[in-house]
Amino acid sequence: MKAWLILLVAAAFEIVWAAGLKSTQGFTRLWPSVGVIATMAASMWLLAVAARTLPIGTAYAVWTGIGAVGTAIAGILWFNESASLVRLLCICLIIAGIIGLKLASK
């Protein structure tokens with residue numbers, strides 16, 4: 001269970017850095033860029049820690065899935081990106097895949 005919690009924290013850091021990319025303006029702004037790079041490093045390190053226990057295929061897929069869903073939701077909430085029905089359904093499909101991988105992992 002501890003590895004799954006670590007993986008969730010890693011995914012949260014992934015959401016932060018991915019959403020934060022916009023504020024770096026192509027890595028031309030120093031402090032937003034430093035923050036994004038730091039959260040990238042933390043996210044990757046925590047993924048590696050979780051992968052010591054979890055199967056790497058499952059850990060990576062769940063990490064990227066949570067990151068993709070979280071970043072898409074952040075885009076909708078903070079960057080005025082589309083919240084069309086098709087987009088929301090696709091987000092739900094990703095969530096279903098994440099849950100399926102969690103349930104199928106040993």
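What this report covers is the structure whose coordinates are included nearby. Given the structure is predicted, the values throughout are model-derived calculations rather than measurements.

What follows deals with the overall build of the protein chain. Looking only at helices and strands, one finds four helices and zero strands in the protein chain. Helices (α) and strands (β) of the protein chain occur, in sequence order from the N terminus, as α-α-α-α. Seen through its principal axes, the protein chain has C-alpha atoms that stretch 45 × 35 × 15 Å. Sorting the 106 residues of the protein chain into buried and exposed places 33% on the buried side. Long-range pairs, those at least 24 residues apart, make up 63% of the contacts in the protein chain between residues at least 6 apart in sequence. For the protein chain, the computed accessible surface area is about 6,500 Å², with 75% contributed by carbon and sulfur atoms.

The next subject is the pattern of salt bridges. Side chains that differ in charge, positive against negative, can pair when their charged atoms come close. Under the counting rule described, the total for this entry stands at one salt bridge. Linking arginine 87 and glutamate 81 is a salt bridge whose minimum nitrogen-to-oxygen distance equals 3.2 Å.

What follows deals with the side chain of glutamate 14. Inspection of the secondary structure assignment puts glutamate 14 in helix α1 (residues 2–24). Lacking a salt bridge, the buried glutamate 14 has arginine 87 as its closest oppositely charged neighbour, with an N-O distance of 14 Å.

With respect to the helices, strands and loops of the structure, threonine 58 is situated in helix α3 (residues 56–78). Every residue in contact with threonine 58, bar those within four places of it in the chain, is listed here: Trp4, Leu101 and Ser105.

Turning next to the nonpolar core. With 15 residues, the main nonpolar core has Leu7, Leu54 and Trp63 as its most contacted residues. Those elements giving two or more residues to this core turn out to be α1, α2 (30–50) and α3. Examining the composition of this core, we find that six residues originate from one element, α1, more than from any other. When near neighbours in sequence (up to four residues on either side) are disregarded, leucine 54 contacts Ala3, Trp4, Leu7 and Ala59.

What counts and how
- Each chain has its residues counted from 1, following the order in which its sequence is written.
- Where totals are concerned, whole chains, interfaces and linings use all residues; where local detail is concerned, this predicted model gives features only for residues with pLDDT of at least 70, and gives and counts side-chain atom pairs only at 80 or more.
- Where side-chain values are given, they derive from all heavy atoms of the structure, hydrogens and water being excluded.
- Only runs of H or I of at least four residues qualify as helices and only runs of E of at least two qualify as strands under DSSP, and these elements are numbered from the N terminus.
- In this scheme, a residue with accessible area under 20% of its type's maximum is buried, one over 50% is exposed, and one in between is partly exposed, where area comes from a 1.4 Å probe on protein chains only.
- In this analysis, two residues are considered to be in contact whenever any of their non-hydrogen atoms come within 4.5 Å of each other.
- Values of accessible area rely on a 1.4 Å probe in the Shrake-Rupley scheme; residue burial ignores everything except the protein chains shown.
- When a carboxyl oxygen of Asp or Glu lies within 4 Å of a side-chain nitrogen of Lys or Arg, that pair is called a salt bridge.
- His residues and chain termini do not enter the charge count, which takes Lys and Arg as positive and Asp and Glu as negative.
- Only buried Ala, Val, Leu, Ile, Met, Phe, Trp, Tyr and Cys residues count toward a nonpolar core, and they belong to the same one when joined by side-chain atoms within 4.5 Å.

Everything listed is a geometric property; what it means functionally is a separate question.
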